[in-house]
Amino acid sequence: MESPDGKFYYGLYSDFSIGDPGFMVLKLDKKLNPKELKIDYSLKNGISDKDAEWMRTREIFYNYDEAGYFCDNPKLEFINNRFLVFSRGGYMFSLYDIKIEKDTFNIGSPWNEWYSQSQLTDESSNREKEKQDYGRWIQQNLHNKIKEYILTNK
């Protein structure tokens, strides 16, 4: 998607091939066509050091979900031509403030953050309860805070 000032593209990329579902947003120069971007990756060797460094210098946020919850319908949207918001599963997960060029809200692994604060253990895990508790945590600690930040910083 093109930035509001027309100077950049923001590309949402996902990895569902192996392991945890991951999402990455890159800020790309307008000379690049995001649809033609090719990263050298193989299951055996992973990503090349050169490509990994190239991605790191353009990454504005990365987000993955260890449990695979709330990964449907990943999308980027601009709000008020200032805020780039990454959403998935009906929740806002990350916010990039274009005005200050900062990833204001971005937790690389929100499930791990939630799990470290929860009372769950591997032995007590109930997938449905886990998903409900995790959803409430996302709502309180990410989604609502992102909405509040947008309203406060119009």
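See the structure shown above.
In short, a report on the structure. Computed from a predicted structure; not experimentally measured.

The next point concerns the pattern of salt bridges. Going through the model one piece at a time under the given rule, you end up with eight salt bridges. Between Asp65 and Arg88 there is a salt bridge whose closest N-O contact spans 3.2 Å. Residue Asp65 is located in the loop between β5 (59–64) and β6 (75–79), and its partner Arg88 is located in strand β7 (residues 83–88); the two are separated by 23 residues in the primary sequence. Classification of Asp65 as buried rests on a relative accessible area of 0%. Here the residues in one salt-bridge network are Lys129, Asp133 and Arg136, joined through shared partners.

The three strands are arranged β1-β2-β5 in an open sheet whose pairing can be described as antiparallel. Of all strands in the sheet, those bounded by a partner on one side alone are β1 (8–15) and β5. Neighbouring strand axes in the sheet, compared pairwise and without regard to direction, differ in orientation by 15° on average. With five bridges joining them, strand β2 (residues 22–29) and β5 adopt antiparallel strand pairing. Each bridged residue has a counterpart across the sheet, and for Gly22 the counterpart in β5 is Tyr64. Along the sheet, helix α1 (residues 49–56) contacts β2 and β5; its crossing angle with β2, the most-contacted strand, is approximately 75°.

Thresholds, definitions, all that
- Residues numbered from 1 in each chain as written.
- Predicted model: local features only at pLDDT ≥ 70, side-chain atom pairs only at ≥ 80, totals over all residues.
- Heavy atoms only, no water.
- Salt bridge = Lys/Arg side-chain N within 4 Å of Asp/Glu carboxyl O.
- Helix = DSSP H or I, 4+ residues; strand = E, 2+ residues; numbered from the N terminus.
- Buried < 20%, exposed > 50% of the residue type's maximum accessible area, 1.4 Å probe, protein only.
- Pairing = 2+ DSSP bridges.
- Axes fitted to C-alpha atoms, helices over the stretch in contact; angles between N-to-C directions.
- Contact = heavy atoms within 4.5 Å.

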